Amino acid sequence: AQSVSQHNHHVILSEAASLELGCNYSYGGTVNLFWYVQYPGQHLQLLLKYFSGDPLVKGIKGFEAEFIKSKFSFNLRKPSVQWSDTAEYFCAVILHGSSNTGKLIFGQGTTLQVKP
Amino acid sequence: EAGVAQSPRYKIIEKRQSVAFWCNPISGHATLYWYQQILGQGPKLLIQFQNNGVVDDSQLPKDRFSAERLKGVDSTLKIQPAKLEDSAVYLCASSLGGGPSFNEQFFGPGTRLTVL
């Protein structure tokens, strides 16, 4: 089955710690990859996306993600988190050339709690 | 630029009652999506419209859920009759549509449905 897996369900960090959230997908074809963030009480918003080209993509608020095709991964990173990064983070993928073409498939989400 | 609008923001109903949600996408966006997000899970696509036609409704429980986008702009999602397991946040999203460059989806604030 085609799916997206996020390794960590709940992550707790202190401010200034480095962050890496794992995301893997199971599909051998062309993909578009996304990280969305949902701050408490707010709607889903796009952090960053990968369509093609440089596999290291930079998003808003200092976040970046690296697409490693051989590992089917798109991990999200931030060198130094802030209390305001407390939120839920969703990895998502669009699969091309399959029955799921055009449909965003989300992982189950990772709740990040940053302690001041 | 105005975002995706949804109403109501919250709804509490008893099981077997009916409920309807409304979504107004970003102006000019041809593609509209309805997602269901159950607590602790990522959003799951229910139905996707391209203008006023259905592109994908494979995960819509058609015995109780229906959706329409008659004029290719705003959309309604209806549940009749509701079950306890329908308690979730219903998200609407829109995108320009077309080729891969336009697959970025913008999300509304969602409607939180509680079925008692």
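Per chain, residues are indexed from 1 in the order of the written sequence. As a convention, the first chain written is A and the first ligand written is 1, with the rest following in written order. Local features are withheld for residues below a pLDDT of 70 in this predicted model, meaning they are given only at 70 or higher, and side-chain atom pairs are given and counted only at 80 or more; totals for whole chains, interfaces and linings count all residues. Derived side-chain values reflect all non-hydrogen atoms in the structure, with water molecules and hydrogen atoms excluded from consideration.

K.L.:
Looking at this model, I keep getting lost on the interface of chain A and chain B. Mind explaining?
P.N.:
How big an interface is tends to be stated in terms of the accessible area lost upon association of its parts. Whether two residues touch is decided by their heavy atoms; if any such pair falls within 4.5 Å, the residues are in contact. Contact residues are listed per partner, giving 17 residues for chain A and 21 residues for chain B. Interface area, chain A with chain B, both sides summed: about 1500 Å², of which 55% is carbon and sulfur. For any pair of parts, buried area is found by adding up, for both, the accessible area (1.4 Å probe) each one loses once the two are put together. Taken as a group, Leu44, Lys103 and Phe106 of chain A account for 30% of the area that chain A buries against chain B, more than any other trio of residues on that side. Each reported salt bridge corresponds to a side-chain nitrogen of Lys or Arg within 4 Å of a carboxyl oxygen of Asp or Glu. One can count 0 salt bridges joining chain A with chain B.

K.L.:
Got a minute to help me understand the state of the cysteines in this structure?
P.N.:
Think of a disulfide as a covalent bridge from one cysteine sulfur atom to another cysteine sulfur atom. Note that a disulfide, as used here, is simply two cysteine sulfur atoms within 2.5 Å. Under the defined criterion, the tally for this structure stands at 2 disulfides over all chains. Cys23 of chain A shares a disulfide with Cys91 of chain A; S-S distance 1.9 Å. Linking Cys23 of chain A and Cys91 of chain A, the disulfide has an S-S dihedral of approximately -65° and is accordingly described as left-handed. Taken together, the residues Cys23 of chain A in strand β4 (residues 23–25) and Cys91 of chain A in strand β10 (residues 87–95) connect sequence positions 68 residues apart. One disulfide bridge connects Cys23 of chain B with Cys92 of chain B, the sulfur atoms lying 1.9 Å from each other. Its S-S torsion of approximately -70° makes the covalent link between Cys23 of chain B and Cys92 of chain B left-handed. Here the residue Cys23 of chain B occupies a position in strand β3 (residues 19–24), and Cys92 of chain B occupies one in strand β9 (residues 88–95), the gap between them amounting to 69 residues. Judged by relative accessible area, Cys23 of chain B falls into the buried class, the value being 0%. The helix count covers DSSP runs of H or I at least four residues long, the strand count covers runs of E at least two residues long, and both are numbered beginning at the N terminus. Here the term buried applies to any residue with accessible area under 20% of the maximum for its type, exposed to any over 50%, and partly exposed to those in between, with areas from a 1.4 Å probe on protein chains only.

K.L.:
In this structure, what is going on with the packing of aromatic side chains? I would like to understand it.
P.N.:
Geometrically, a pair of aromatic rings is defined through the distance of the ring centres and the angle of the planes. Here a pair means two rings of Phe, Tyr or Trp (six-membered ring of Trp) with centres within 6.5 Å. Their orientation is stacked below 30 degrees between planes, edge-to-face above 60, and tilted elsewhere. Evaluated as defined, the whole model comprises 15 aromatic pairs over all chains. Seen from their ring centres, Phe90 of chain A and Phe106 of chain A are 6.2 Å apart, and the 85° between their planes marks the pair as edge-to-face. Placement of the pair is Phe90 of chain A in strand β10 and Phe106 of chain A in strand β11 (residues 104–106), with a sequence separation of 16 residues. Like Phe90 of chain A, the residue Phe106 of chain A is buried in the burial classification. Taking the centre distance of 5.8 Å and the plane angle of 85° together, the rings of Phe106 of chain A and Tyr35 of chain B count as edge-to-face. You can see Phe106 of chain A sitting in strand β11 and its partner Tyr35 of chain B sitting in strand β4 (residues 31–37), one on each of two chains. We classify Phe106 of chain A as buried; its relative accessible area is 9%. Looking at Tyr35 of chain B, the relative accessible area reads 0%, which means it is buried. One aromatic cluster is present, built from ring pairs that chain together Phe34, Tyr36, Phe51, Phe90 and Phe106 of chain A together with Tyr33, Tyr35 and Phe107 of chain B.

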